[in-house]
Amino acid sequence: MRSVLKRYRVREVHTELNLTAMVDMFTIILVFLVMSTSTSNVQVAPVDGLTLPASTISKEPDEALKLVVTAKALYVDDEKIMDINEGVFDKSQTDAKDKNFIRPLYDELEKHAKKAEEIQKSNPELKFTGQYILQADQSLNYSTIKKVIYTSMLAGYADLKMGAAGK
Amino acid sequence: MGRRRLVLKQRIEDSTFDLNLAPMLDIMVSLIPMLLLSIAFAKLVVLDAPVPQPVANAIENDKKERTVMLQLHLFNNRTAKLDIIDKGGRRSNISFSSKEGTYDLETIHQKLIDVKKMHTQVFTVEIFPEEGVAYKEIVAVMDEARSARKEEGEFQFIDKESKQAVKTKAMFPNITFGNVIEG
């Protein structure tokens, strides 16, 4: 009698986790993630105050120097190099004789250009092309962007690729 | 009769089985963190806009046989002007008024199509934005100039090397900033 009762109790506690619902959920998440996985060489680092303008172009960028300009700061390869006052460069940051020339940006880009040229010497396959990707906030005026492009050009970066958000 | 039903029920019960979902779940649990790390919520695309070096520009201009030069001026009051300069230096222009406080992108696009139809060998347009023009507006104008839309057909030109007719949707994919070097 006791053994029968014991067997009955064991049967009663035997339960099985139903994984079907969980697999369903994971399948949906997996599809979403696969669709939105980036295969691009260049990643967009989230920067405060950066909203890229939308463009119909679908060309993906190649690896190049990243230059990010917002109304508040200027970054070269994810490193903040100077502050900007609501899209306006301070007079101390620009050259007295040439208002389009931004000294701190030029110095930083020159460093990068020299580094790239040194790499090219040791490995001729990695040629310095002067290519860079400009990621500027959509609300910035051309006066700000023009100064950045102009200074970059003088530092040897003349091949501008303008970053935009794909539609 | 009763026995037959019992046998049939027994067979049906025998043919059902539970799929072991644990390995599938294991794969998913491994894949999801990996995909989460590589997810891109914003897709970056690029618009080519090479800026010619002053000297290189002069050399290139000497080398290049530019039959027609197109200069698109974007003004602060959201009007625009397209200058068409032929080889002899003759200049004609098309003016665009603003629309709802911004550039009339549709009219600019249509006029650029007309210009492209007249000069199919030209692929370059220089843009001259004034200082108050927003980056967003420049990109929008560049989008309009770059290529024709699906329903607008293609442009045919003769390839100089192969002498073959080539069709393309591209209008002015080579867009440069003309006033970066100016003071």
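This text gives an overview of the structure that appears in the document.

What counts, and where the lines are drawn
Residues numbered from 1 in each chain as written. Chains lettered and ligands numbered in written order. Predicted model: local features only at pLDDT ≥ 70, side-chain atom pairs only at ≥ 80, totals over all residues. Heavy atoms only, no water. Helix = DSSP H or I, 4+ residues; strand = E, 2+ residues; numbered from the N terminus. Buried < 20%, exposed > 50% of the residue type's maximum accessible area, 1.4 Å probe, protein only. Contact = heavy atoms within 4.5 Å. Areas by Shrake-Rupley, 256 points an atom, 1.4 Å probe, with all protein chains shown as cover. Pairing = 2+ DSSP bridges. Axes fitted to C-alpha atoms, helices over the stretch in contact; angles between N-to-C directions. Parallel < 35°, antiparallel > 145°, perpendicular 65-115°, else oblique. Left-handed = near helix turned anticlockwise from the far one by under 90°. Nonpolar A, V, L, I, M, F, W, Y, C, P; charged D, E, K, R; others polar. Buried area = accessible area lost by both parts, 1.4 Å probe. Salt bridge = Lys/Arg side-chain N within 4 Å of Asp/Glu carboxyl O. Polar contact = N/O pair within 3.5 Å; in protein donor to acceptor, adjacent residues only side chain to side chain. Phe/Tyr/Trp six-rings, centres within 6.5 Å; stacked < 30°, edge-to-face > 60°. Lys NZ or Arg CZ within 6 Å of the ring centre and 35° of its normal. Expected span 1.5 Å × (residues − 1). Arc of directions from axis to C-beta. Patch = residues over 30% accessible without salt bridge, like charges linked within 9 Å, V, L, I, M, F, W, Y side chains within 5 Å. Lys, Arg positive; Asp, Glu negative; His and termini not counted. Charge placed at Lys NZ, Arg CZ, Asp CG, Glu CD.

Overview of the overall build of chain B
So, step 1. The helix and strand tally for chain B stands at five helices and ten strands.
So, step 2. A burial count over chain B gives 36% of its 183 residues as buried.
So, step 3. If you take every contact in chain B between residues at least 6 apart in sequence, the share linking residues at least 24 apart comes to 58%.
So, step 4. Split by element, the accessible area of chain B, about 11,300 Å² in all, is 55% carbon and sulfur.

Quick notes on the sheet that holds strand 7 (residues 124–129) of chain B
Residue and element names in this part refer to chain B.
So, step 1. One open sheet accounts for five strands, arranged 4-3-2-7-10; its pairing is mixed. The open sheet has two edge strands, strand 4 (91–96) and strand 10 (174–177), and neither has a second partner. For this sheet, the mean angle separating the axes of adjacent strands, direction not counted, is 20 degrees.
So, step 2. Here strand 2 (residues 68–74) runs beside strand 7; their pairing, made up of four bridges, is parallel. Residue pairing for strand 7: Gln 71 is matched across the bridge by Glu 126.
So, step 3. Packing of helix 4 (residues 105–118) onto the sheet brings it into contact with strand 2, strand 3 (80–86) and strand 4, and relative to strand 4 it is tilted by some 155 degrees.

As for the packing of helix 3 (residues 103–122) of chain A against helix 4 (residues 142–154) of chain A
Residues and elements named next belong to chain A.
So, step 1. Contact pair helix 3 / helix 4: the axes reach a minimum separation of 9 Å and the direction vectors enclose 40 degrees. In terms of axis orientation, helix 3 runs oblique to helix 4. The way helix 3 lies across helix 4 gives a crossing that is right-handed. Contacts between helix 3 and helix 4 pair Leu 105, Tyr 106 and Leu 109 from the former with Val 148, Thr 151, Ser 152 and Leu 154 from the latter.
So, step 2. Split into classes, the residues belonging to the contact of helix 3 with helix 4 amount to five nonpolar, two polar and no charged.

Topic: the interface of chain B and chain A
So, step 1. Contacts between the two partners involve 46 residues from chain B and, on the opposite side, 54 residues from chain A.
So, step 2. Of the roughly 4,500 Å² buried at the junction of chain B and chain A (both faces included), carbon and sulfur atoms supply 67%.
So, step 3. Broken down residue by residue, the surface that chain B buries against chain A is led by B:Leu44, B:Val46 and B:Tyr135, which jointly contribute 19%.
So, step 4. Connecting chain B to chain A are one salt bridge.
So, step 5. A salt bridge links B:Glu131 to A:Lys146, with the shortest nitrogen-to-oxygen separation between them at 3.8 Å.
So, step 6. Here chain B and chain A share ten residue pairs in polar contact (both at pLDDT 80 or more) between them.
So, step 7. Those elements that place two or more of their residues in the side of chain B that touches chain A are helix 2 (22–37), strand 1 (44–48) and helix 5 (135–146) of chain B.

Points about the packing of aromatic side chains
So, step 1. The final tally for this structure, using the stated rule, is four aromatic pairs over all chains.
So, step 2. Pairing A:Phe101 with A:Tyr106 gives two aromatic rings, centres 4.9 Å apart and planes at 50 degrees, and the pair type is tilted. With respect to class, A:Phe101 is no different from A:Tyr106; both count as buried.
So, step 3. Note on A:Tyr132 and A:Tyr157: the rings are 6.2 Å apart at their centroids and 90 degrees apart in plane angle, and the pair reads as edge-to-face. On the criterion of sequence distance, the pair formed by A:Tyr132 in strand 5 (residues 131–136) and A:Tyr157 in the loop between helix 4 and strand 6 (159–166) is long-range, its members being 25 residues apart.
So, step 4. Here B:Lys116 stacks its cationic end above the ring of B:Phe123, 3.5 Å away from the centre of that ring.

Quick notes on helix 4 of chain B
Residue and element names in this part refer to chain B.
So, step 1. Compared with an ideal rise of 1.5 Å per residue, which puts 14 residues at 20 Å, helix 4 spans 20 Å between its outermost C-alpha atoms and is within 8% of the ideal.
So, step 2. The set of residues buried in helix 4 consists of Ile 108, His 109, Leu 112, Ile 113, Val 115 and Lys 116. All buried residues of helix 4 lie within an arc of 165 degrees about the axis, which places them on one face of the element. Exposed side chains of helix 4 directed beyond 90 degrees from the buried face belong to Lys 117 and Met 118.

Let's talk about the pairing of strand 2 of chain B
Residue and element names in this part refer to chain B.
So, step 1. Most of strand 2 sits out of view: six of its seven residues are buried.
So, step 2. Relative to strand 3, strand 2 is paired through seven bridges, and the arrangement is antiparallel. Residue pairing for strand 3: His 73 is matched across the bridge by Lys 81.
So, step 3. The antiparallel hairpin formed by strand 2 and strand 3 contains five residues in its connecting segment, where Arg 78 sits at a positive phi of about 65 degrees.

Thoughts on a negative patch on the surface
Residues and elements named next belong to chain A.
So, step 1. A cluster of like negative charges, contributed by Asp 62, Glu 63, Asp 77 and Glu 79, occupies part of the molecular surface.
So, step 2. When you line up the elements, Glu 79 lands in strand 4 (residues 79–83).
So, step 3. Among the residues examined, Glu 79 registers a relative accessible area of 47% and is labelled partly exposed.

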